[in-house]
Amino acid sequence: MSAEKRVVSGVQRKSDRDNIALRPRRLDDMLGQDRVRENLSILIEAATARSEPIDHVLFYGPPGLGKTSLAYVIANEVAGDIRVTAGPAIERAGDLAAILTHLKKGDILFIDEVHRLGKAVEEILYPAMEDFVLDIVIGKGPAAKSLRLNLPRFTVIGATTRLALLAAPLRDRFGATFRLDFYAEADMQKIVWRAARLLDVEINAEGAREIARRARGTPRVGLRLLRRVRDYAEARADGVITMAATQAALGLMEIDELGLDDIDRRILRIIIENYGGGPVGLDTIAAAISEDSATIMDVYEPYLIQLGFIDRTPRGRTCTRHAYAHLGLPIPEVAADDETQPTLL
Ligand code: ADP
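Thresholds applied
- Residues numbered from 1 in each chain as written.
- Predicted model: local features only at pLDDT ≥ 70, side-chain atom pairs only at ≥ 80, totals over all residues.
- Heavy atoms only, no water.
- Pairing = 2+ DSSP bridges.
- Helix = DSSP H or I, 4+ residues; strand = E, 2+ residues; numbered from the N terminus.
- Axes fitted to C-alpha atoms, helices over the stretch in contact; angles between N-to-C directions.
- Near = heavy atom within 4 Å.
- Polar contact = N/O pair within 3.5 Å; in protein donor to acceptor, adjacent residues only side chain to side chain.
- Areas by Shrake-Rupley, 256 points an atom, 1.4 Å probe, with all protein chains shown as cover.
- Expected span 1.5 Å × (residues − 1).
- Buried < 20%, exposed > 50% of the residue type's maximum accessible area, 1.4 Å probe, protein only.
- Contact = heavy atoms within 4.5 Å.
- 1 Å grid on protein atoms, 1.4 Å probe; cavity = no way out; pocket = protein on both sides within 12 Å on 5 of 7 lines; lining within 4 Å.
- Points joined across faces, edges and corners; volume = space filled by probe spheres on them.
- Nonpolar A, V, L, I, M, F, W, Y, C, P; charged D, E, K, R; others polar.
- Salt bridge = Lys/Arg side-chain N within 4 Å of Asp/Glu carboxyl O.
- Parallel < 35°, antiparallel > 145°, perpendicular 65-115°, else oblique.
- Left-handed = near helix turned anticlockwise from the far one by under 90°.

A. View of the sheet that holds strand 6 (residues 155–160). Taking strand neighbours across the sheet as the criterion, the five strands line up as 2-3-6-1-7 in an open arrangement whose pairing is parallel. Edge positions in the sheet fall to strand 2 (82–86) and strand 7 (176–179), since each of these pairs with one other strand and no more. Here the strands of the sheet are splayed against their neighbours by 15° on average, with no regard to which way each runs.

B. Structural view of the site of the ligand. Among the 18 residues in the neighbourhood of the ligand, the closest are listed as Gly64, Lys67, Thr68, Ser69 and Arg220. Serine 69 places a side-chain nitrogen or oxygen 2.7 Å from an oxygen atom of the ligand. The fraction of the free accessible surface of the ligand (560 Å²) that becomes covered by protein chains is 97%. Of all the elements in the fold, those that place two or more residues in the shell around the ligand are helix 2 (67–77) and helix 8 (219–236).

C. Here's a closer look at helix 6 (residues 185–198). The end-to-end C-alpha distance of helix 6 is 20 Å, a good match for the 20 Å that 14 residues give at a rise of 1.5 Å each. Taken together, the buried positions of helix 6 are Asp187, Met188, Ile191, Val192, Arg194, Ala195 and Ala196. Among the structural elements, helix 7 (205–213) and helix 8 are those in contact with the buried residues of helix 6. Following helix 6 by one or two positions, aspartate 200 adopts a phi angle in the positive range, close to 60°.

D. Focus on the environment of alanine 323. Among the structural elements, alanine 323 can be located in helix 13 (residues 321–327). Residue class for alanine 323 comes out buried when judged on its relative accessible area of 0%. Sequence-wise, alanine 323 and alanine 249 are 74 residues apart; in three dimensions their C-alpha atoms are separated by 24 Å. Setting aside chain neighbours within four positions, we find alanine 323 in contact with Leu268, Ile272 and Phe309.

E. Local environment of the layout of surface pockets. The volume enclosed by the second largest pocket comes to roughly 470 Å³. In this structure, the second largest pocket is lined by 18 residues; those nearest its centre are Gly61, Pro62, Thr161, Pro302 and Arg312. Here the residues of the lining of the second largest pocket sort into 10 nonpolar, three polar and five charged.

F. Just the pairing of strand 5 (residues 145–150), in detail. The element strand 5 is barely covered by neighbouring structure, given that only zero of its six residues are classed as buried. Of the pairings in the sheet, the one linking strand 4 (residues 133–138) to strand 5 comprises six bridges and is antiparallel in character. Of the residues in strand 5, the one forming a bridge with valine 137 is serine 146. Turn length for the strand 4-strand 5 hairpin, with the two strands adjacent in sequence and antiparallel, is six residues, and the turn residue glycine 139 shows positive phi of about 85°.

G. A look at the pairing of strand 9 (residues 316–319). Pairing analysis gives four bridges linking strand 8 (residues 310–313) to strand 9, with the strands arranged antiparallel. Looking at the pairing, aspartate 311 lines up with threonine 318 of strand 9. Following strand 8, the chain reverses through two residues before pairing antiparallel with strand 9.

H. Just the pattern of salt bridges, in detail. Enumeration according to the criterion identifies 20 salt bridges in this entry. Residues arginine 148 and aspartate 135 are paired through a salt bridge, measuring 2.7 Å at the closest nitrogen-oxygen approach. In this pair, arginine 148 sits in strand 5 while aspartate 135 sits in strand 4, placing the two residues 13 residues apart along the sequence. Accessibility expressed as a relative area gives 53% for arginine 148, which makes it exposed. Using a relative accessible area of 29% as the deciding quantity, one classes aspartate 135 as partly exposed. Between arginine 269 and glutamate 273 there is a salt bridge, with the nearest N and O atoms lying 2.6 Å from each other. Taken together, the residues arginine 269 and glutamate 273, both in helix 10 (residues 262–274) and four residues apart, mark about one turn of the helix. On the basis of relative accessible area, glutamate 273 is assigned to the partly exposed category, the value being 47%. What you see here is one network of salt bridges that share partners, running through Asp81, Lys104 and Asp107.

I. Geometry of the packing of helix 6 against helix 8. Viewed as axis vectors pointing N to C, helix 6 and helix 8 meet at an angle of 45°, and their least axial separation amounts to 10 Å. Here helix 6 lies oblique to helix 8, going by the angle between them. Taken as a pair, helix 6 and helix 8 cross one another with a handedness that is right-handed. Packed against helix 6, whose contacting residues are Met188, Ile191, Val192, Ala195 and Ala196, the element helix 8 presents Pro219, Gly222, Leu223 and Leu226 at the interface. Here the residues of the contact of helix 6 with helix 8 sort into eight nonpolar, one polar and no charged.

The following block contains the structure:
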């Protein structure tokens, strides 16, 4: 099963598209991420007071935590138009030039997966971000002429799941960089509650808490679970999302009480049962579950690390005793001088 098809994956799927209606519009509608919101509101207020567009902003963190939503929120707050694109969608330097020449002062250019921009495209983006100029070359060979166009002052908002893959010169051109973390359960509960209200779904407090508990601290997953439980409640119960309906619906989908699904459990089992708890290389795990390493790193692993089930060590991944306990497996005795599994000590 690919990452996109998993119910508990933070990666966007087609069925998530009507989430757009649920997207927060103002900074105050965004729940959680308090530190990021506070910093953004300062950035926006200060720039507005100076009648200047805000500095370029970079968001990074696992999928589904609100990077795109924040870009829309910022555009709303500064009353700019937003142009949305993604690293892989801008294939040639000319594609970016076309986008840049259509921007107006104060507009937002949102580039998702900004780490996947090509080299030639990045070369155009650097002077555009730094000096608001676009250098274009007309013609070829000795007759080629270079032309410099001035661009209006605009704001690039970049989003990435992999900060480490971002070229250093590009990273440096963002005036503000924010990391988005998994949401606390109380914030997830509010998000689920708010979405249920907007979707006109009846839900009680225990139902919202149970969905929040299993949503992996990820709003996109929470909203998806909400929809699946609503289906269950409508088809098999009285339409109200309760704790019992949530447990039954998510039990059928094999999503456990921490929000782990079959693939998460397989990753843990491979490390524990095939490699004695690790360390084991990412590529080996990837081959064993037929996924690519990048997907494991971006999508599966962050939450398992956040739960304290997996440790990243220089020699590979290890499972901690919490993972053994969660799977109901006996926790192995580890010699005090065994450095391969420090977390078991
Ligand atoms: P990302 O760009 O990080 O993958 P998105 O911004 O697309 O994530 O968010 C995924 C979904 O979660 C959106 O549909 C949005 O409605 C919802 N969402 C994200 N963050 C919040 C939040 N803080 N409050 C309420 N809803 C949120």
